[in-house]
Amino acid sequence: MMKYSFLVYHAEYKAFLKELKNMGVLHIEVKKHEPTTEIQELLRAYNDLSRTLRNMENRVKDKEVEGAKPVFDNGEAVLERIHAIEGDLELKQQQLSNLDKEAQQLGPWGDFNPQRVQQLADSQLFLRFLVCRDKNFDPQWEKDHYLKMISSVGGFSYFVLIEKDERQEMIDWPGVDEIALPQKSLSAIREDQSLINKEIDQLDNELDLIAKHCQGQLQSLSDQLKSELDETNALYQTQDEVEERVKLIEGWVPKPKTEDLNAFLEDRKILYVANKPSDDEKVPVLLKNNKFARLFEVIGDLYELPNHKELDLVPFFAPFYMMFFGFSLGDAGYGLLILGVAFWLKPRMPAMKNILGLAQWLGLATVIFGALTGTFFGMDLINEDIPWLEGVKQYMITKENMFNLALILGVIQILFGMVLKVVNIYISKGFAYAYSTIGWLILLIGSGSIYLLKHFGALGDHHGGYAQNGVFIVSGVLILLLNHPRRSLVMNFLSGLWDVYGMVTGLIGDLLSYIRLFALGVSSAILGFVFNELAMSLSPDHIILGPLVMIIILVVGHGMTLFMAGLGAFVHPIRLTFVEFYKNAGFTGGGKRYTPFAEKSVE
């Protein structure tokens, strides 16, 4: 990245911004972090419109909508109508809720006409609607008063007291409450509910038609709002110089795009300065990964982006993460299931294309490791009597060897991470600062190589001893004496001793962390095996019920196993990546994504 500073005459500034936006190369440096009221309102409107667009998209997904296309002048009219419909729907739902309460209140009393009650009152017959718990109702009341039991519902008695005089005071019978009923009959309330439901259906149908035919107008409005928001923010980040006659704006441009920008600036005779970033500046990062590695960026984003002075570790951890997921899940049947679902969903869910592409690779890794370990939906193929598999069983990995394989993969990833750390240090500081890490690589790789050569008889004990001493001397000098080029030998030696303690304890802990791959792989296989055994043992000896019960147990059991084992296979390799691998690779992070000021800015 190169940092650009532009000085533009105020009368030409807006035209310059427009042309700069058309080029779409400048990531504007944010100097003012507190947004203005105008920016807040634009952002609020843009977010509201984005939510509306998502709702409209989801509304008609896999849904047949019939009707004439609504006609609107522009996106603002569409959005205004959507908000009006949503307001009407909210009002109708409130009305329905109130009617439901009234209907529930009238339910125990039956369908009667409130006007008839009023006519009786005009004739000096007053009805009082009373309710109490069944246990509180006294049958003597029916003998002492003109009283009619209406119903008994849910442990409550509902009855009417008939009086010739209108009394204002409340009934003082123990446990009895007098209630006021709605001034509508139950049938009238049902009619109102039916009418409102029809109105809701009409509004919903109108929304469906808008969602089907008018998303393009809404998207155009969204692009317009985003463009206005970007331009407003660009003006906000602009500094006034020379009594507001000159405008200053700064930002970042990727090196491959500087040639075209420079030619444009020279042609327009714009005064600018282009510099390399200093060490203390927070420079935006433009990731450049191939098609395979881009799928794993979603995992890298869970942690942090790299800063501009270090490597992007996504393409380096992607193959390891894929292997670790397959190792942890380790069932070829589950892998085929993941592959099948991902292939089926990918053309149907284009918004999740990258996620489903990642799922395909992870499913493939699971199939490969499941085949290597001989596990298929919980069945241990190594111990099964399957004639056509006898020729390949010798290549399958037993549970005992899985433990060793997990440690071997851990050693490889840790050492690979340390190699990347050397590269990172060389890029950011210089080669001399990487001597300590190189020393550890020489010590670990050299000692391991000598051990293997001696173990297989390629190197005798006498010569092996000389080689090991040479490794110790070279690595010791690099680790203890040359670990920092700007410190004295004494300080380097003391710092090196502390580094030795930290590395020894840290490397042992890091290596043991990879045992989780073995544990996860074995546990998922055991869970699948257990559900297979349960399905066989719990199935009744019945020609219909037997297979049905077995299928239910297998589907539910393997579904639970796939969910739990899949969750572990997703989370634990992330832990190994972000803790063990990132630490040994010297990852610092703290970068921010490159989002150029363009006609359609990167979200």
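The preceding data block contains the structure.
Keep in mind the model is a prediction, meaning the values are calculated, not measured.

Cut-offs applied
Residues numbered from 1 in each chain as written. Predicted model: local features only at pLDDT ≥ 70, side-chain atom pairs only at ≥ 80, totals over all residues. Heavy atoms only, no water. Helix = DSSP H or I, 4+ residues; strand = E, 2+ residues; numbered from the N terminus. Buried < 20%, exposed > 50% of the residue type's maximum accessible area, 1.4 Å probe, protein only. Contact = heavy atoms within 4.5 Å. Pairing = 2+ DSSP bridges. Phe/Tyr/Trp six-rings, centres within 6.5 Å; stacked < 30°, edge-to-face > 60°. Lys NZ or Arg CZ within 6 Å of the ring centre and 35° of its normal. Core = buried A, V, L, I, M, F, W, Y, C linked by side-chain atoms within 4.5 Å. Salt bridge = Lys/Arg side-chain N within 4 Å of Asp/Glu carboxyl O. Patch = residues over 30% accessible without salt bridge, like charges linked within 9 Å, V, L, I, M, F, W, Y side chains within 5 Å. Areas by Shrake-Rupley, 256 points an atom, 1.4 Å probe, with all protein chains shown as cover. Axes fitted to C-alpha atoms, helices over the stretch in contact; angles between N-to-C directions. Parallel < 35°, antiparallel > 145°, perpendicular 65-115°, else oblique. Left-handed = near helix turned anticlockwise from the far one by under 90°. Expected span 1.5 Å × (residues − 1). Polar contact = N/O pair within 3.5 Å; in protein donor to acceptor, adjacent residues only side chain to side chain.

Time to look at the environment of Leu221. Within the secondary structure, Leu221 sits in helix 7 (residues 215-236). Residue Leu221 is classed as buried on the basis of its relative accessible area, which comes to 7%. Ignoring any residue separated from it by four or fewer positions in sequence, one finds Leu221 in contact with Leu49, Gly75, Glu76 and Leu79.

Another point: unusual backbone geometry. In this structure, Gln124 is a non-glycine residue whose phi angle is positive, near 70°. By the secondary structure assignment, Gln124 is in the loop between helix 4 (114-122) and strand 3 (126-133). A relative accessible area of 46% means that Gln124 is categorised as partly exposed. In this structure, Val242 takes a positive phi of about 50° despite not being glycine.

A word on the pairing of strand 8 (residues 246-253). Side-chain direction in a regular strand flips from residue to residue, so the side chains alternate between the two faces of the sheet. The buried fraction of strand 8 amounts to eight of the eight residues, a majority that puts the element mostly inside the structure. Because side chains alternate across strand 8, one face comprises the buried residues Val246, Leu248, Glu250 and Trp252, and the other comprises Lys247, Ile249, Gly251 and Val253, equally buried. Direction of pairing for strand 1 (residues 2-9) relative to strand 8: antiparallel, over a ladder of eight bridges. Bridge pairing in strand 8 links Phe6 to Ile249.

To continue, consider the packing of aromatic side chains. Scanning the entire structure with this criterion turns up 36 aromatic pairs. Plain terms: the ring middles of Phe16 and Phe264 are 6.4 Å apart, the flat faces sit at 15° to each other, and that makes the pair stacked. Taken together, the residues span a long stretch of sequence, with Phe16 in helix 1 (residues 13-23) and Phe264 in helix 8 (residues 258-268) at a distance of 248 residues. We classify Phe16 as buried; its relative accessible area is 0%. The class of Phe264 is buried, set by a relative accessible area of 14%. The rings of Tyr303, Phe316, Phe317, Phe320, Phe324, Phe416, Tyr514, Phe578, Phe581, Tyr582 and Phe587 are connected pair by pair, giving a single aromatic cluster. Its guanidinium or amino end placed over the ring of Tyr236, Lys32 lies 5.1 Å from that ring's centre, counting from NZ or CZ.

Strand order in this open sheet of four strands is 4-5-3-6, and the pairing throughout is antiparallel. Strands with a single pairing partner mark the edges of an open sheet, and in this sheet they are strand 4 (147-153) and strand 6 (177-178). The pairing of strand 3 with strand 5 (residues 156-163) spans eight bridges and is antiparallel. The residue bridging Arg133 from the neighbouring strand is Phe156, located in strand 5.

Glancing now at the nonpolar core. Among the nonpolar cores identified, the biggest contains 38 residues, and Ile82 and Leu218 are the most heavily contacted of them. Counting residues in hydrophobic clusters, the runner-up holds 28 residues, among them Met418, Leu478, Ile479 and Leu517.

Now for the pairing of strand 5. Of all eight residues in strand 5, six are buried; the element is thus mostly enclosed. As paired strands, strand 4 and strand 5 are joined by six bridges and run antiparallel to one another. Its bridge partner being in strand 5, Met149 is matched across the sheet by Phe159.

Using the criterion set out here, one finds 19 salt bridges in the structure. Two residues, Asp208 and Lys63, come together in a salt bridge whose shortest N-O distance is 2.9 Å. Here the residue Asp208 occupies a position in helix 6 (residues 186-213), and Lys63 occupies one in the loop between helix 2 (37-59) and helix 3 (75-106), the gap between them amounting to 145 residues. Residues Arg128 and Glu178 are paired through a salt bridge, measuring 2.7 Å at the closest nitrogen-oxygen approach. One end of the pair, Arg128, is in strand 3; the other, Glu178, is in strand 6, and 50 residues separate them in sequence. Classification of Arg128 by relative accessible area gives buried; the value is 7%. Classification of Glu178 by relative accessible area gives partly exposed; the value is 28%. What emerges from the salt-bridge pattern is a single network uniting Lys3, Glu29, Lys31, Glu250 and Glu281.

So, about a nonpolar patch on the surface. A cluster of nonpolar side chains, contributed by Leu302, Leu527, Leu545, Leu548, Ile552, Val556, Met560, Phe563, Met564, Leu567, Phe570 and Val571, occupies part of the molecular surface with about 1,100 Å² of accessible area. Top contributing element to the nonpolar patch by residue count: helix 19 (residues 545-584), with 10 residues. Inspection of the secondary structure puts Ile552 in helix 19.

Direction vectors running N to C along helix 15 (residues 435-455) and helix 17 (residues 489-513) enclose 50°, while the axes themselves pass 13 Å from each other. Classed by the angle they form, the pair helix 15 and helix 17 counts as oblique. Crossing hand, helix 15 versus helix 17: right-handed. Across the interface between the two elements, Ser436, Trp440 and Leu444 of helix 15 pack against Asp499, Val500, Met503, Val504 and Leu507 of helix 17.

With that out of the way, let us pick up the environment of Ala458. If you trace the backbone, Ala458 turns up in the loop between helix 15 and helix 16 (461-481). Accessibility expressed as a relative area gives 57% for Ala458, which makes it exposed. Each C-alpha atom, one on Ala458 and one on Gly300, is 42 Å from the other, the two residues being 158 residues apart in sequence.

Right, let's talk about the side chain of His27 for a bit. Its location among the elements puts His27 in strand 2 (residues 27-28). When its relative accessible area of 6% is taken as the criterion, His27 is described as buried. In this structure, His27 is in contact with Glu250, Gly251, Trp252, Pro284, Lys592, Arg593, Tyr594, Thr595 and Pro596, ignoring residues within four places of it in sequence.

The next point concerns helix 12 (residues 332-345). Compared with an ideal rise of 1.5 Å per residue, which puts 14 residues at 20 Å, helix 12 spans 20 Å between its outermost C-alpha atoms and is within 8% of the ideal. If you check which residues of helix 12 are buried, you get Ala332, Gly333, Tyr334, Gly335, Ile338, Leu339 and Ala342.

Position of Gln360 relative to the elements: it lies in helix 13 (residues 353-373). Using a relative accessible area of 12% as the deciding quantity, one classes Gln360 as buried. Counting along the chain gives 346 residues from Gln360 to Lys14, while the straight-line C-alpha distance between them is 48 Å. In this structure the side chain of Gln360 is engaged in a polar contact, spanning 3.2 Å, whose partner is the side chain of Lys346.

Here helix 14 (residues 399-428) crosses helix 17 at 135°, and the two axes come no closer than 9 Å. One element, helix 14, and the other, helix 17, form an angle in the oblique class. Taken together, the residues of helix 17 that come into contact with helix 14 (itself represented by Leu407, Gly410, Val411, Ile414 and Met418) are Met503, Leu507, Asp510 and Leu511.

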